[in-house]
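# Architecture at a glance
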There are 2 protein chains.
Amino acid sequence: MVVKVYGAPFPHPKRVLVCLAEKEIEFEMIFVDLFKQEHHTPKFLKLQPFRYVPIIQDGDYTLYESRAIIRYYAKKYRSQGTDLLGKTMEEEGLVNQWLEVEATRFHPPVFHLVTQIMFGPEFGIERSEKVVKENEEALGKVLDVYEDRLSKSKYLAGDFFSLADLAHLPFGENLVGPCGKEYMIKERKHVSAWWDDISSRPSWKKVNEACKTLE
Amino acid sequence: MVVKVYGAPFPHPKRVLVCLAEKEIEFEMIFVDLFKQEHHTPKFLKLQPFRYVPIIQDGDYTLYESRAIIRYYAKKYRSQGTDLLGKTMEEEGLVNQWLEVEATRFHPPVFHLVTQIMFGPEFGIERSEKVVKENEEALGKVLDVYEDRLSKSKYLAGDFFSLADLAHLPFGENLVGPCGKEYMIKERKHVSAWWDDISSRPSWKKVNEACKTLE
């Protein structure tokens with residue numbers, strides 16, 4: 001069964017796509033043109049009442065929220081492709097812990113930087129140097145904790161690549177690329193090695209190639 | 001084995017406590033006095049580098065982030081106490097979806113309201129009527145989606161009580177109580193019935209009783 005992914009070549013849908021690629025699951029992208037407000041149509045709202053992408057349809061099963069979707073596929077196809085949950089219940093606990101850290105500590109400041117620097121002009125948001133500075137400082141403190149953690153284990157949840165690492169890829173890419181904040185990764189030795197490792201995975205390259213056809 | 005929960009009678013630790021109560025797991029609360037900055041000590045930072053409670057210690061296993069901890073115990077003791085994950089992988093997917101909704105759609109506006117109305121004076125934050133109004137409006141839109149959802153199923157993830165419902169209890173209680181925003185729940189028929197149901201569970205009463213001894 002080919003999984004339908006409703007989305008656009010934006011970070012949250014890409015979090016799902018890279019998981020599907022790691023799990024060797026075939027997917028088809030259903031393009032939702034956010035600029036044409038296609039996520040506000042009655043048809044879309046039936047699938048996702050909060051008006052966000054991505055959504056997946058897998059047969060008659062529908063699921064939204066990218067981090068819920070990746071948990072579902074990591075479990076459903078546990079023995080296919082890369083194991084993204086660790087080997088024990090305790091390792092899976094740490095995967096979930098670092099997924100929460102990604103969502104609640106890493107994501108908010110990066111999202112503010114992306115909004116201010118990348119999308120501000122497009123959506124008429126006036127750039128505030130104060131907001132940029134505050135979020136850069138907040139992110140720096142989070143990355144200091146990552147540096148310490150990654151000096152002790154190769155990946156966030158332990159010595160195995162997992163959902164917790166994978167979840168950082170889409171917004172991490174915006175941070176080091178279009179946001180011009182690569183130095184925040186590079187100046188931290190272990191974070192930098194971790195980033196080089198996870199961002200050079202074939203799954204991530206495959207997703208970026210697939211997204212190019214949608215841009 | 002008695003689970004040690006580092007925390008205080010605050011919402012995030014209470015999310016863990018109510019899960020442990022539902023799973024009939026014995027716990028011991030290790031009080032962390034946040035007003036005395038006990039979460040900034042080197043001993044604490046070894047357990048939780050981001051300086052937040054709760055943390056659990058279960059034998060030699062340490063875990064933080066409340067939503068990761070509740071996922072861990074719901075799975076580890078699946079057949080003990082209340083089943084909080086649903087019966088199938090698809091139901092568990094929906095539990096995770098609504099847990100993400102709680103964390104990323106419900107929690108942020110409620111947190112702002114709690115900060116402004118309950119803790120603003122204590123921490124020297126000047127109350128802004130604009131911030132209160134914006135977050136009340138944002139929360140209203142989220143609760144409209146809940147109302148529609150809860151008109152179709154008794155609980156958020158389906159016709160079974162789960163982690164997704166339980167996770168709303170601590171901040172929900174602040175919203176209807178000290179924040180004075182009970183009307184937001186009461187004016188929505190299905191949300192109101194759902195709230196009455198989940199907030200009258202014996203587990204929640206037990207947690208509130210246990211916390212009284214710490215206040």
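Owing to the predicted nature of the structure, the values given are computational and were not obtained by experimental measurement.

## Regarding the domain arrangement of chain A
All names here are of chain A.
- Taken domain by domain, chain A comprises domain 1 (3-83 + 203-212) and domain 2 (89-201).
- Its C-alpha centre places domain 1 at a distance of 21 Å from the equivalent point of domain 2.
- Contact with domain 1, which involves 19 residues of that partner, is made by 22 residues of domain 2.
- A buried area of about 1,800 Å², summed over both sides, lies between domain 1 and domain 2, and 60% of it is on carbon and sulfur atoms.
- At the boundary of domain 1 with domain 2, the tally comes to six salt bridges.
- Note that Glu173 and Lys14 form a salt bridge whose closest N and O atoms lie 3.2 Å from each other.
- Summed over the shared surface of domain 1 and domain 2, the result is twelve residue pairs in polar contact (both at pLDDT 80 or more).
- Elements supplying a minimum of two residues to the side of domain 1 that touches domain 2: α1 (11-22), α3 (66-76) and α10 (202-212).
- Considering every element that reaches the side of domain 1 that touches domain 2, the biggest residue donor is α1, with seven residues.
- Of the residues belonging to the side of domain 1 that touches domain 2, the class tally is seven nonpolar, four polar and eight charged.

## Section: the nonpolar core
- Counting residues in each nonpolar core, the largest one holds 136 residues, and the members touching the most others are Tyr146 of chain A together with Tyr146 and Leu163 of chain B.
- Ignoring any residue separated from it by four or fewer positions in sequence, one finds Tyr146 of chain A in contact with Trp98, Val101, Glu102, Phe106, Leu156, His168, Val191 and Trp194 of chain A together with Phe50 of chain B.

## Brief notes about the pattern of salt bridges
- Within the structure shown, the criterion is met by 42 salt bridges over all chains.
- Note that Lys181 of chain A and Glu136 of chain A form a salt bridge whose closest N and O atoms lie 2.9 Å from each other. One end of the pair, Lys181 of chain A, is in the loop between α7 (169-176) and α8 (182-186); the other, Glu136 of chain A, is in helix α5 (residues 129-150), with 45 residues separating them in the sequence. Considered together, Lys181 of chain A and Glu136 of chain A belong to a single accessibility category, that of buried residues.
- Put simply, Arg201 of chain B and Glu22 of chain B hold a salt bridge, and the shortest N to O gap is 2.7 Å. Separated by 179 residues along the polypeptide, Arg201 of chain B in the loop between α9 (189-199) and α10 (202-212) and Glu22 of chain B in helix α1 (residues 11-22) bring together distant segments of the chain. Like Glu22 of chain B, Arg201 of chain B is buried.
- A cluster of three or more residues bridged by salt bridges with shared partners is formed by Arg71 and Glu100 of chain A together with Arg71 and Glu100 of chain B.

Basis of the calculations
- Residues numbered from 1 in each chain as written.
- Chains lettered and ligands numbered in written order.
- Predicted model: local features only at pLDDT ≥ 70, side-chain atom pairs only at ≥ 80, totals over all residues.
- Heavy atoms only, no water.
- Domains from an automatic or database assignment.
- Contact = heavy atoms within 4.5 Å.
- Buried area = accessible area lost by both parts, 1.4 Å probe.
- Salt bridge = Lys/Arg side-chain N within 4 Å of Asp/Glu carboxyl O.
- Polar contact = N/O pair within 3.5 Å; in protein donor to acceptor, adjacent residues only side chain to side chain.
- Helix = DSSP H or I, 4+ residues; strand = E, 2+ residues; numbered from the N terminus.
- Nonpolar A, V, L, I, M, F, W, Y, C, P; charged D, E, K, R; others polar.
- Core = buried A, V, L, I, M, F, W, Y, C linked by side-chain atoms within 4.5 Å.
- Buried < 20%, exposed > 50% of the residue type's maximum accessible area, 1.4 Å probe, protein only.

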